[in-house]
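A structural walkthrough
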Amino acid sequence: MTAVSTLLIAMALAAQADGQYERAERGDDIQLVCYGEAEKTIVQNRSGMEWDNDKHQYVQKSAIETGKSNFDTAVNVSVHGSAAQIHLPKQLVPPIHSDSNNGWWDVMDLIVGHDEIRGRFQLNSLNRPTLVINRRSGVITVDGMIKFSGRCEPDDGHRRF
């Protein structure tokens, strides 16, 4: 057996052992539109009147409260070979965020597997959500300080009507 054939066999065995995931190096070109529900943290300023037992009268009160907001929305995912991007609606983009390309963020640590696409993207220094798309069911999850879950469909760019 020559050194070249031994190397080829070793590479084939390594690829089979790592068969569930492959780095995105082949010519995958996938365009998806994903519809679902998103959740984000909101900050609200509440003001009103409150009874003051010491003064025996109502007084102005204001407080800052945080909470979660759920809403229906859509995200887009674009995979071109070894690169991918995700487009988020404005409601999911935090006020302080990294530069994007017209709302598109690059997906880092991209893995395009037979059954799954996964990676991370950076909205700011503290917010690096993970992206997981099941290629069989079409289910997408984005998990970080923002959350999104839904179902993806191929987006061929053609009008529906």
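Throughout this description, residue numbers start from 1 for each chain and increase along the sequence as written. Where local features are concerned, this predicted model is filtered to residues with pLDDT of at least 70; where side-chain atom pairs are given and counted, the filter is 80 or more; whole-chain, interface and lining totals use all residues. With hydrogens and water excluded, all non-hydrogen atoms of the structure serve as input to the side-chain values.

**A look at the sheet that holds strand β3 (residues 83-87)**
Two strands qualify as a pair provided that DSSP identifies no fewer than 2 bridges between them. Helix and strand assignments come from DSSP, with helices taken as H or I runs of at least 4 residues and strands as E runs of at least 2, each series counted from the N terminus. Spatial strand order, β4-β3-β2-β1-β9-β8-β7-β6-β5: 9 strands in an open sheet with antiparallel pairing. Lying at the two open borders of the sheet, with one neighbouring strand each, are β4 (104-106) and β5 (108-112). Between one strand axis and the next, the sheet turns through 20 degrees on average, direction left out of account. Pairing of strand β1 (residues 29-52) with strand β9 (residues 147-154) involves 8 bridges; the strand directions are antiparallel. Paired with Glu39 across the two strands is Lys147, which belongs to β9. Whenever a helix is involved, its axis is fitted only over the stretch in contact; in every case the axis is a line through C-alpha atoms, and angles between N-to-C directions fall within 0 to 180 degrees.

**A look at the nonpolar core**
As used in this record, nonpolar core signifies buried Ala, Val, Leu, Ile, Met, Phe, Trp, Tyr and Cys residues forming a set joined through side-chain atoms within 4.5 Å. Burial status follows relative accessibility: with a 1.4 Å probe on protein chains alone, a residue under 20% of its type maximum counts as buried, one over 50% as exposed, and anything between as partly exposed. Within the largest apolar cluster, 26 residues are counted, with the highest numbers of intra-cluster contacts made by Cys34, Val77, Ile86, Leu88, Ile133, Ile140 and Val142. For this core, the secondary-structure elements that each account for two or more residues are β1, β2 (57-80), β3, β5, β7 (130-134), β8 (139-143) and β9. The contact definition used throughout considers only heavy atoms, calling two residues in contact when any of these lie within 4.5 Å. Excluding anything up to four places from it in sequence, Leu88 contacts Val75, Val93, Gly103, Trp105, Phe121, Leu123 and Ile146.

**Describing the pattern of salt bridges**
Whenever a carboxyl oxygen of Asp or Glu lies within 4 Å of a side-chain nitrogen of Lys or Arg, that contact is scored as a salt bridge. According to the stated counting rule, one finds 5 salt bridges in the structure shown. Between Arg136 and Asp115 there is a salt bridge, with its nearest N and O atoms 2.8 Å apart. Residue Arg136 is located in the loop between β7 and β8, and its partner Asp115 is located in the loop between β5 and β6 (116-120); the two are separated by 21 residues in the primary sequence. Between Asp143 and Lys147 there is a salt bridge whose closest N-O contact spans 2.6 Å. Overall, Lys147 belongs to the partly exposed group, its relative accessible area being 34%.

**Some words on the state of the cysteines**
When the sulfur atoms of two cysteines come within 2.5 Å, that pair is taken as a disulfide. A full pass over the atoms with the stated rule returns 1 disulfide. At a sulfur-sulfur separation of 2.0 Å, the disulfide partner of Cys34 is Cys152. Looking along the S-S bond of the Cys34-Cys152 disulfide, the torsion reads about 100 degrees, which is the right-handed sense. Taken as a pair, Cys34 in strand β1 and Cys152 in strand β9 lie far apart in primary sequence, 118 residues in all. Looking at Cys34, the relative accessible area reads 0%, which means it is buried.

**What to know about the pairing of β7**
Taken together, the 5 bridges between β6 and β7 define a ladder with antiparallel strand orientation. Within β7, the residue paired with Ile117 across the bridge is Ile133. In this structure, β7 lies alongside β8, joined through 4 bridges in antiparallel fashion. Of the residues in β8, the one forming a bridge with Thr130 is Asp143. Linking two consecutive strands that pair antiparallel, namely β7 and β8, is a turn of 4 residues; a positive phi of about 85 degrees is found at Gly138 within it.

**Remarks on the layout of surface pockets**
Buriedness of a pocket was judged along seven lines, with at least five required to meet protein on both sides within 12 Å; pockets are open sets of points on a 1 Å grid over the protein atoms alone, cavities are sets where a 1.4 Å probe fits but cannot get out, and lining residues have an atom within 4 Å of a point. Grid points are joined across faces, edges and corners, and a volume is the space filled by probe spheres set on the points. One number sums up the size of the largest pocket: a volume of about 290 Å³. Lining the largest pocket, in full, are Lys40, Thr41, Gln91, Leu92, Val93, Pro94, Pro95, Ile96, Asn124, Asn127, Met145 and Ile146. Looking at the lining of the largest pocket, its residues break down into 7 nonpolar, 4 polar and 1 charged. Classification used: nonpolar for Ala, Val, Leu, Ile, Met, Phe, Trp, Tyr, Cys and Pro, charged for Asp, Glu, Lys and Arg, polar for all others including Gly.

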